[in-house]
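What follows is each chain in one-letter form.
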Amino acid sequence: MHPRLTHAFTPLQFGADIPIHRGSDFIGIRFRPGALRALFNVSVASYSDLSITLSDIDKVWTDIQYQLTETTDRIALLNTVLLQRLKQTKSAKNSASIANLLHHIYLHQGSIKVQKLAEKEFMSSRHVQRIFLDWIGLSPKTFCRIVRMQYSLRFLYEQHELMGAPTSAEYGYSDQAHFIREFRTYTGMTPSNYMSDFFKTN
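Now for a quick tour of the structure. These numbers come from a predicted model, not from an experiment. (Residues numbered from 1 in each chain as written. Predicted model: local features only at pLDDT ≥ 70, side-chain atom pairs only at ≥ 80, totals over all residues. Heavy atoms only, no water.)

Now for the packing of aromatic side chains. Overall, the coordinates contain 5 aromatic pairs when judged by the stated rule. With a centroid separation of 6.2 Å and an interplanar angle of 75°, the aromatic rings of Tyr-106 and Phe-143 are classed as edge-to-face. Pair noted here: Tyr-106 is in helix α5 (residues 95-107) and Phe-143 is in helix α8 (residues 140-159), with a separation of 37 residues, a long-range link. By relative accessible area, Tyr-106 is classed as partly exposed at 31%. Ring centres of Phe-132 and Phe-143 lie 5.7 Å apart, and the angle between their planes is 55°; on these two criteria the pair is classed as tilted. In this pair, Phe-132 is assigned in helix α7 (residues 125-135) and Phe-143 in helix α8, connecting sequence segments 11 residues apart. Just as Phe-132 is buried, Phe-143 falls in that class too. The rings of Tyr-173, Phe-179, Phe-183 and Tyr-194 are connected pair by pair, giving a single aromatic cluster. Stacked on the ring of Trp-135, the Lys or Arg Arg-37 has its end atom at 5.1 Å from the ring centre. (Phe/Tyr/Trp six-rings, centres within 6.5 Å; stacked < 30°, edge-to-face > 60°. Helix = DSSP H or I, 4+ residues; strand = E, 2+ residues; numbered from the N terminus. Buried < 20%, exposed > 50% of the residue type's maximum accessible area, 1.4 Å probe, protein only. Lys NZ or Arg CZ within 6 Å of the ring centre and 35° of its normal.)

Right, dumping it as structure tokens:
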């Protein structure tokens, strides 16, 4: 079966299933936060929480889809296309600002208030909200919650046990119940089920 660039999952607040049919080839590209805005010069807010085709964003991907059916090195083709696109893209407005805001969020592992982010970059909270919706497609608060959960998942992965689960102020969770609620919201399962599924624990 020939490859098709069918789905492009834009920033999602929650998980989503990717339909892969039997006998089909699958190639996934994971963009860093802000990359969609930088590469395609579109406001990500228009596509947040949607499953679309890349052709919906840029018609050139219709041709690339067919080029992928004629080459045996699809990864090289995609790398070439994206690198060319990056060279053609001019520095977008607020690119430095979003880079700095993301740096602060990752530095604090998602446990930082929007007001504190605004103060660090000498801007209003409302302006931070606008930049995030334009570049990330999510509010800064939602993005911080997702980043915080990603660090929590990494903690559990490295520990291979629930003992000492990330409930301290270091991760921004007030107590065990708070952590479990957030975990279930973003993964669809409890921490214990997660550990059981991935590490075969009891």
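The subject of this paragraph is α8. Relative to the 28 Å expected for 20 residues at 1.5 Å per residue, α8 spans 29 Å between its end C-alpha atoms, a close match to the ideal helical length. The set of residues buried in α8 consists of Pro-140, Thr-142, Phe-143, Cys-144, Ile-146, Val-147, Arg-148, Met-149, Tyr-151, Ser-152, Phe-155 and Leu-156. (Expected span 1.5 Å × (residues − 1).)

Here we come to the packing of α5 against α8. Two elements in contact, α5 and α8, have axes whose closest approach is 10 Å; the angle formed by their N-to-C orientations is 40°. Here α5 is positioned oblique relative to α8, judged by the angle of their axes. Where α5 crosses over α8, the handedness of that crossing is right-handed. Contact residues: α5 offers Leu-102, Ile-105 and Tyr-106, while α8 offers Phe-143, Cys-144, Val-147 and Tyr-151. Looking at the contact of α5 with α8 residue by residue, the class counts come to 7 nonpolar, no polar and no charged. (Axes fitted to C-alpha atoms, helices over the stretch in contact; angles between N-to-C directions. Parallel < 35°, antiparallel > 145°, perpendicular 65-115°, else oblique. Left-handed = near helix turned anticlockwise from the far one by under 90°. Contact = heavy atoms within 4.5 Å. Nonpolar A, V, L, I, M, F, W, Y, C, P; charged D, E, K, R; others polar.)

Turning our attention to the pattern of salt bridges. Overall, the coordinates contain 4 salt bridges when judged by the stated rule. Here Lys-116 ties to Glu-119 by a salt bridge, and the two come within 3.6 Å at their closest N and O atoms. On the criterion of helical spacing, the pair formed by Lys-116 and Glu-119 is a turn pair, its members being 3 residues apart in helix α6 (residues 114-120). Of the charged contacts in the structure, one is a salt bridge between Arg-145 and Glu-182, with a shortest N-O distance of 2.6 Å. Remark: Glu-182 occurs in helix α9 (residues 176-187) and Arg-145 occurs in helix α8; sequence separation between them is 37 residues. With a relative accessible area of 6%, Glu-182 lands in the buried category. Each member of the salt-bridge network shares a partner with another, and the members are Arg-145, Arg-148 and Glu-182. (Salt bridge = Lys/Arg side-chain N within 4 Å of Asp/Glu carboxyl O.)

Function cannot be inferred from these measures alone, as they are strictly geometric.
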